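Listed below, chain by chain, are the residues.
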Amino acid sequence: MPETRTVALVTLGCARNEVDSEELAGRLAADGWRLVEDAADADVAVVNTCGFVEAAKKDSVDALLEANDLKDHGRTQAVVAVGCMAERYGKELADALPEADGVLGFDDYADISERLRTILAGGVHAPHTPRDRRKLLPITPAERQASTVALPGHAQEVHPNGGLSPAGQGAAADGGPAVDLADLPEGVAPASGPRAPLRRRLDSGPVASVKLASGCDRRCTFCAIPSFRGSFISRRPSDVLGEARWLATQGVSEVMLVSENNTSYGKDLGDIRLLETLLPELAAVDGIERVRVSYLQPAEMRPGLIDVLTSTPGVVPYFDLSFQHSAPAVLRAMRRFGDTERFLDLLASIRAKAPSAGVRSNFIVGFPGETEDDLAELERFLSAARLDAIGVFGYSDEDGTEAAGYDGKLDDDVVAARLARVSRLAEELTAQRAEERLGDTVRVLVEAVDEETGEVTGRADHQAPETDGQVMLFCDDETWQPRPGSYVTAKVTGTRGVDLVAEPLGGAASVGAPASPGDDAAAAGPAVVGR
């Protein structure tokens, strides 16, 4: 009997990459690989890289080099790069980083098991030559659903003979081994249905991301993501709902919808308002307590979407709005829309319906041609916007973007000074916004309990994972013993910067049971709802 090979997945970058890693984990587990957490315990370390900005690319290279060091004094025999950086640079990355034994693009995901076995056996898989993935899909959105382009994180087509391949392709189109669904290891989706994601969770936490779509049709002059992620294409509602149902059987109680642009969801399915009808269905899934939507474009926000996000039980009033700047001249140079007053009007319309709604955004300072007046306009917007979380980035050229060829570039020291200036303001403003929540009642998902100190931390509705601060819970009731995954109703009594300090209301009685997989739900598996 052949030895079981082990693999570790190291994920960098955004939540979309986390979903992709769990797809790779599902494919590998289905083909007999044993997944381990520590790369030192794996025959092959797969690093899911980020290719967004220079700092993220450096982190990805560092992770590959660190994994390569394990080959000198551990079990690890090979290090393989996947993800956005591998897709974006392909052969160029392979030539520049010979420490990587393989550089695999998105087209290799369907055959990931075969690729890794080839590399472990000493074979070579030639890295791809990068191409603009926007050109692989039809220009007309309505024609994209029939495409056979590889789309990481999207559904698989389940065929009568048990084979799995990318949605829309034939049973043997992916070249990978046929998989009998009855033989899938425990914890690997799909459970049932003609279209369902192949996925294996890489942690046991109560929160998971679900990919709503891939790619982007916007052409922001500073962003290279569409060139290597491709044009926008939605997942079918039945696929999204089926995956959420399966995640609920795995102990997930909070689902975060991710894509490059969630506000465009449904436009290629013939209904730009499809998100408004999908959200209540997701919130009604047994076991799902919170649904959160990320990555919203201000220019595409609709009154109906605001209504659903602010009034649907189980859908948190959370707005991750990509403003990027507020000075009109800078926004036009970025090929984006809006200005300070329009953005403030949008925020006012949200808070008129949900005064405690959470709002976060990211901003770029030092964009080519940005003047002192433009920077002052951004500061005016930030001072009035009352955002809960603010990310600030200094502009830097990105390969292949239009802005990289712009005149009016600012000196590095000017960009650094503006970054420091706006970052200080952002820190002050988000701390002030946290103080506005003193006395509020919040519902907190407990995520960690320190057994030594007894410190309990979690997140309220207005806080997304990893980016928006947290809530620290303190209670004098010695019988109060919350567990990760439980929900606590609490009153905000203090702040620590952007973080909140809160006291549970009702002591031990305030703790809701943690989500847990249900036998009936697990047996039922994801359902198909007709789209």
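Structure: see above.
As the structure is a computational prediction, the values presented were derived from the model and not from experiment.

**Describing the overall build of the chain**
Helix and strand content of the chain: 14 helices and 23 strands. A burial count over the chain gives 55% of its 531 residues as buried. At a minimum sequence separation of 6, the contacts of the chain that also span at least 24 residues come to 73%. Accessible area of the chain: about 21,800 Å², with a carbon and sulfur share of 49%.

**Focus: the sheet that holds strand β16 (residues 318–320)**
Across the sheet, which stays open at both edges, the three strands sit in the order β16-β17-β18 with parallel pairing between neighbours. The strands lining the two open edges of the sheet, one partner per strand, are β16 and β18 (389–394). Across the sheet, the mean angle from the axis of one strand to that of its neighbour is 10 degrees, orientation sign disregarded. As paired elements, β16 and strand β17 (residues 358–365) share three bridges and run parallel to each other. The residue of β17 that forms the bridge with D320 is R360. Helix-sheet contacts for helix α12 (residues 372–385) involve β17 and β18, and the interaxial angle to β17 is about 170 degrees.

**Some words on a negative patch on the surface**
A contiguous patch of negative charge, built from D450, E451, E452 and E455, is present on the exposed surface. Following the sequence through the fold, E451 ends up in the loop between β19 (441–449) and β20 (456–459).

**Considerations on the sheet that holds β20**
Read around the closed barrel, the five strands follow the order β19-β20-β21-β23-β22; overall the barrel is mixed. The average angle at which neighbouring strand axes cross in this sheet is 50 degrees, direction not considered.

**What to know about the packing of aromatic side chains**
Enumeration according to the criterion identifies eight aromatic pairs in this entry. With a centroid separation of 4.5 Å and 45 degrees between ring planes, the pair formed by F323 and F343 is classed as tilted. Residue F323 is located in the loop between β16 and α10 (328–333), and its partner F343 is located in helix α11 (residues 340–353); the two are separated by 20 residues in the primary sequence. Neither F323 nor F343 differs from the other in exposure class; each is buried. A centroid spacing of 5.9 Å and a plane angle of 65 degrees characterise the contact between F343 and F381, whose relative ring orientation is edge-to-face. Within this pair, whereas F343 is found in helix α11, its partner F381 is found in helix α12, the two being separated by 38 residues in sequence. Judged by relative accessible area, F381 falls into the buried class, the value being 0%. Chaining the aromatic ring pairs together yields one cluster made of F323, F343, F363 and F381. The ring of Y295 carries the charged tip of R16 above its face, separated from the ring centre by 4.6 Å.

Procedures and definitions
Residues numbered from 1 in each chain as written. Predicted model: local features only at pLDDT ≥ 70, side-chain atom pairs only at ≥ 80, totals over all residues. Heavy atoms only, no water. Helix = DSSP H or I, 4+ residues; strand = E, 2+ residues; numbered from the N terminus. Buried < 20%, exposed > 50% of the residue type's maximum accessible area, 1.4 Å probe, protein only. Contact = heavy atoms within 4.5 Å. Areas by Shrake-Rupley, 256 points an atom, 1.4 Å probe, with all protein chains shown as cover. Pairing = 2+ DSSP bridges. Axes fitted to C-alpha atoms, helices over the stretch in contact; angles between N-to-C directions. Patch = residues over 30% accessible without salt bridge, like charges linked within 9 Å, V, L, I, M, F, W, Y side chains within 5 Å. Salt bridge = Lys/Arg side-chain N within 4 Å of Asp/Glu carboxyl O. Lys, Arg positive; Asp, Glu negative; His and termini not counted. Charge placed at Lys NZ, Arg CZ, Asp CG, Glu CD. Phe/Tyr/Trp six-rings, centres within 6.5 Å; stacked < 30°, edge-to-face > 60°. Lys NZ or Arg CZ within 6 Å of the ring centre and 35° of its normal.

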